[in-house]
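Chain and residue survey
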Protein chains: 2
Amino acid sequence: MIDPRSCAVVIIDMQNGFIDDRSPLCIAGASATVPACARVLAAARSNGMAVVHAVRSYAADGSDVEPCRYGVWKQGRPLSQACPAYMNTDEPPSLAPCSDDIVIVKPRFSAFFATDLHDILRRRDIETIVLIGTTTPNCIRSSCYDALSLGYNVAVVEDATSSRNEAVQRANLEDMAFIGAFMLDSYEFADRGLARMPDMRQMHAADMERC
Amino acid sequence: MIDPRSCAVVIIDMQNGFIDDRSPLCIAGASATVPACARVLAAARSNGMAVVHAVRSYAADGSDVEPCRYGVWKQGRPLSQACPAYMNTDEPPSLAPCSDDIVIVKPRFSAFFATDLHDILRRRDIETIVLIGTTTPNCIRSSCYDALSLGYNVAVVEDATSSRNEAVQRANLEDMAFIGAFMLDSYEFADRGLARMPDMRQMHAADMERC
């Protein structure tokens, strides 16, 4: 049984610049997941889980944008100080950080890439992370693989993640489940937390102690 | 036009433990890609590109295996000194490193994760990496995203990569193309190198200089 105090929900990129359909970086499925994300955040807080917001913020001149994304980004300069409010860095009001939440700026896809997220989580003895936000193929998946590589248990709340279309969403959830991420939906998370989730981290450690 | 001397082919995990169908970590499509991988390596060497082999090697007791993979891994202990030769760390003879090649041990999925690959490439002024090997959804894709995050141009040689089934292979190639990886096959690479590939790194840099 996983202790909620050893868990952190990491909400990724649920910002105007990825949600509003006027942004060149809008993800088609993202705005529909706002209620599910809010449900997960409320349940996490009431169960004593840590909450981390991993967000994007680009320089107005685009100098820190990934070269592979720059051509699209510059059609509006979302998530920077050079864009209109509807595609800025803000999260929707129902997802805005509470005072106990942790906020990190994530310069690339993975929430672990060039951030101090791993140190933040270790200082709080976090062993399990729960991923929500957007997009499933990019930031959720990259964060999932980095977290598994670092030895965390990883859960993904399926209906609180989103993709450019449903086929991409399904294929990416399937791949993450196949490699060892635990899948559940926001209603199960709100009702039962991670009661069904195996603790692979402890299973591995216990097997090593027997050697 | 991308200079071949600024390019490195990175061949990932084409080892007995991922290729032989007696290994619990065998990838169904991997052995069929050996000739395409050999074609890419030969073309790279004849064009003056660097070649990096990123390989796995686990401790015989499994203490360094990813917790999410440990349950499958221990059914044979592939890619360690505790397993039979048919699923050990060797590459097939046609893919074995030449004397000028670089070999790094990759402890996790991405060839950049907890390795000095980025430093190795920077010292050689490498700006473009060409990915081949297995598996497309795990190590190729994680390496692709890390390379894009680090500002490299990334090419993926489609028929020199492999997955557990064809649907997974297609979905992952599509996602990598969508985020900005350049796709080609081993025959085009052998005939024309990267002649069709855009240099997104230089395009971004040039746009910044105009600001």
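Refer to the structure presented above.
In short, a report on the structure. (Residues numbered from 1 in each chain as written. Chains lettered and ligands numbered in written order. Predicted model: local features only at pLDDT ≥ 70, side-chain atom pairs only at ≥ 80, totals over all residues. Heavy atoms only, no water.)

Details of the pairing of strand S4 (residues 128-134) of chain B
All names here are of chain B. The criterion, for reference: Only protein chains enter the area calculation, which uses a 1.4 Å probe; residues under 20% of their type maximum are buried, those over 50% are exposed, and those in between are partly exposed. Helical segments are the DSSP runs of H or I of at least four residues, strand segments are the runs of E of at least two, and each set is numbered from the N terminus. For two strands to be treated as a pair, DSSP must find at least two bridges joining them.
The buried fraction of S4 is high, at seven of seven residues. On S4, burial covers both faces: Thr128, Val130, Ile132 and Thr134 on one face and Ile129, Leu131 and Gly133 on the other are all buried. Relative to S4, strand S1 (residues 7-12) runs parallel, the two sharing six bridges. Residue pairing in the sheet places Ala8 in a bridge with Ile129 of S4. Examined bridge by bridge, S4 and strand S5 (residues 153-162) share six bridges and lie parallel to one another. Within S5, the position partnered with Ile129 by the bridge is Val154.

Observations concerning the sheet that holds strand S6 (residues 182-184) of chain A
Where strands meet in a sheet, backbone hydrogen bonds hold them as pairs that are either parallel or antiparallel. Residue and element names in this part refer to chain A. Heads up, the condition is: Orientation is described by axes fitted as lines to C-alpha atoms, over the contacting stretch for helices, and by angles from 0 to 180 degrees between their N-to-C directions. We call two residues contacting when some pair of their heavy atoms lies within 4.5 Å.
Strand order in the open sheet formed by six strands is S3-S2-S1-S4-S5-S6, with parallel pairing between adjacent strands. The open sheet has two free edges, formed respectively by strand S3 (102-105) and S6, since each of these has just one partner strand. Taking each pair of neighbouring strands and ignoring which way they run, the sheet shows an average axis angle of 25°. This element, helix H2 (residues 34-46), spans strand S1 (7-12), strand S2 (50-55), strand S4 (128-134) and strand S5 (153-162) of the sheet and lies at about 145° to S5.

With respect to the interface of chain B and chain A
Heads up, the rule is: Throughout, the accessible surface (probe 1.4 Å) given up by two parts as they are put together, summed over both, is called the buried area. By salt bridge we mean one thing: a side-chain nitrogen of Lys or Arg within 4 Å of a carboxyl oxygen of Asp or Glu.
Facing the 37 residues of chain B at the interface are 36 residues of chain A. Of the roughly 3,200 Å² buried between chain B and chain A, counting both surfaces, carbon and sulfur atoms make up 59%. When the buried surface of chain B facing chain A is broken down by residue, Pro67(B), Arg164(B) and His204(B) rank first, second and third, together holding 18% of it. Counting the contacts that link chain B with chain A gives six salt bridges. Residue Lys74(A) is joined to Asp207(B) by a salt bridge in which the shortest nitrogen-to-oxygen separation is 3.1 Å.

Observations concerning the packing of helix H6 (residues 166-179) of chain A against helix H6 (residues 166-179) of chain B
The line we're drawing: Here is the rule for angles: anything less than 35 degrees is roughly parallel, anything more than 145 is roughly antiparallel, 65 through 115 is roughly perpendicular, and the remaining ranges are oblique. A crossing counts as left-handed when the near helix is turned anticlockwise from the far one by less than a right angle, and as right-handed when that turn is clockwise. Three classes are used, and their members are as follows: Ala, Val, Leu, Ile, Met, Phe, Trp, Tyr, Cys and Pro are nonpolar, Asp, Glu, Lys and Arg are charged, and the others, Gly among them, are polar.
Where H6(A) meets H6(B), the axes come as close as 10 Å, and the angle between the chain directions of the two elements is 115°. In terms of their interaxial angle, H6(A) and H6(B) are classed as roughly perpendicular. Judged by the sense of rotation from one axis to the other, the crossing of H6(A) with H6(B) is left-handed. Between H6(A) and H6(B), the contacting residues are Val168(A), Ala171(A), Asn172(A), Glu174(A) and Asp175(A) on the first element and Val168(B), Ala171(B), Asn172(B), Glu174(B) and Asp175(B) on the second. A class-by-class count of the residues in the contact of H6(A) with H6(B) yields four nonpolar, two polar and four charged.

Regarding helix H8 (residues 200-210) of chain B
Selection criterion: Summarising the geometry, the arc corresponds to the directions from the helix axis toward the C-beta atoms.
Of all the residues in H8(B), the buried ones are Met200(B), His204(B), Asp207(B) and Met208(B). One side of H8(B) carries all its buried residues, which in axial view fall inside an arc of 100°. Exposed and oriented more than 90 degrees from the buried face of H8(B) are Glu209(B) and Arg210(B). The inward-facing, buried residues of H8(B) abut helix H3 (67-73) of chain A together with S5 of chain B.

Digging into the nonpolar core
Worth spelling out the cut-off: Grouping buried Ala, Val, Leu, Ile, Met, Phe, Trp, Tyr and Cys residues that are joined through side-chain atoms within 4.5 Å yields what is termed a nonpolar core.
Residues Ile129(A), Val154(A), Ile129(B) and Val154(B) are the most contacted members of the largest nonpolar core, which totals 66 residues. In this structure Ile129(B) touches Ala8(B), Val10(B), Phe112(B), Leu121(B), Ala147(B), Tyr152(B), Asn153(B), Val154(B) and Ala155(B), once residues within four positions along its chain are discounted. Cys7(B), Ile19(B), Ala44(B) and Phe182(B) belong to the second-largest nonpolar core, a separate cluster that totals 37 residues.

Focus on the pattern of salt bridges
This structure, assessed with the given rule, holds 31 salt bridges over all chains. Here Arg170(A) and Glu158(A) are joined by a salt bridge, their closest N and O atoms 3.4 Å apart. In this pair, Arg170(A) sits in helix H6 while Glu158(A) sits in strand S5, placing the two residues twelve residues apart along the sequence. Overall, Arg170(A) belongs to the partly exposed group, its relative accessible area being 42%. Note that Asp3(B) and Arg5(B) form a salt bridge whose closest N and O atoms lie 2.9 Å from each other. Shared partners join several salt bridges into a network, and the residues in it are Asp13(B), Arg56(B), Glu66(B), Arg69(B), Lys106(B) and Arg108(B).

Considerations on the relation of the copies chain B and chain A
Stated precisely, the cut-off is as follows: We superpose the copies by least squares over the C-alpha atoms of residues that have a pLDDT of at least 70 in both of them.
Its rotation angle being 180°, the transformation that places chain B on chain A also includes 0.0 Å of axial translation and leaves an RMSD of 0.0 Å. Given the turn and translation reported, the copies of this chain are related as if by a two-fold rotation axis. Interface overlap between copies: 97% of the residues of chain B at the interface are likewise at the interface in chain A, consistent with a symmetric, same-surface contact.

Focus on the pairing of S1(B)
Residues and elements named next belong to chain B. Of all six residues in S1, six are buried; the element is thus mostly enclosed. The side-chain alternation of S1 yields two buried faces, one formed by Cys7, Val9 and Ile11 and the other by Ala8, Val10 and Ile12. Across five bridges, S1 lies against strand S2 (residues 50-55) in parallel orientation. When the sheet's bridge partners are listed, Val10 is paired in S2 with Val52.

A short note on the sheet that holds strand S3 (residues 102-105) of chain B
Residues and elements named next belong to chain B. If you walk across this open sheet you meet the six strands as S3-S2-S1-S4-S5-S6, and the pairing is parallel. Two strands in the sheet have a free side with no partner beyond their single neighbour: S3 and strand S6 (182-184). Pairwise comparison of adjacent strand axes, ignoring direction, gives a mean angle of 25° for this sheet. Relative to S6, S5 runs parallel, the two sharing three bridges. Directly across from Val156, in S6, lies its bridge partner Met183. Here helix H5 (residues 136-149) sits on the sheet and contacts S1, S4 and S5; the angle it forms with S4, its principal contact strand, is near 170°. Packed on one face of the sheet, H6 meets S5 and S6 and runs near 170° to S5.

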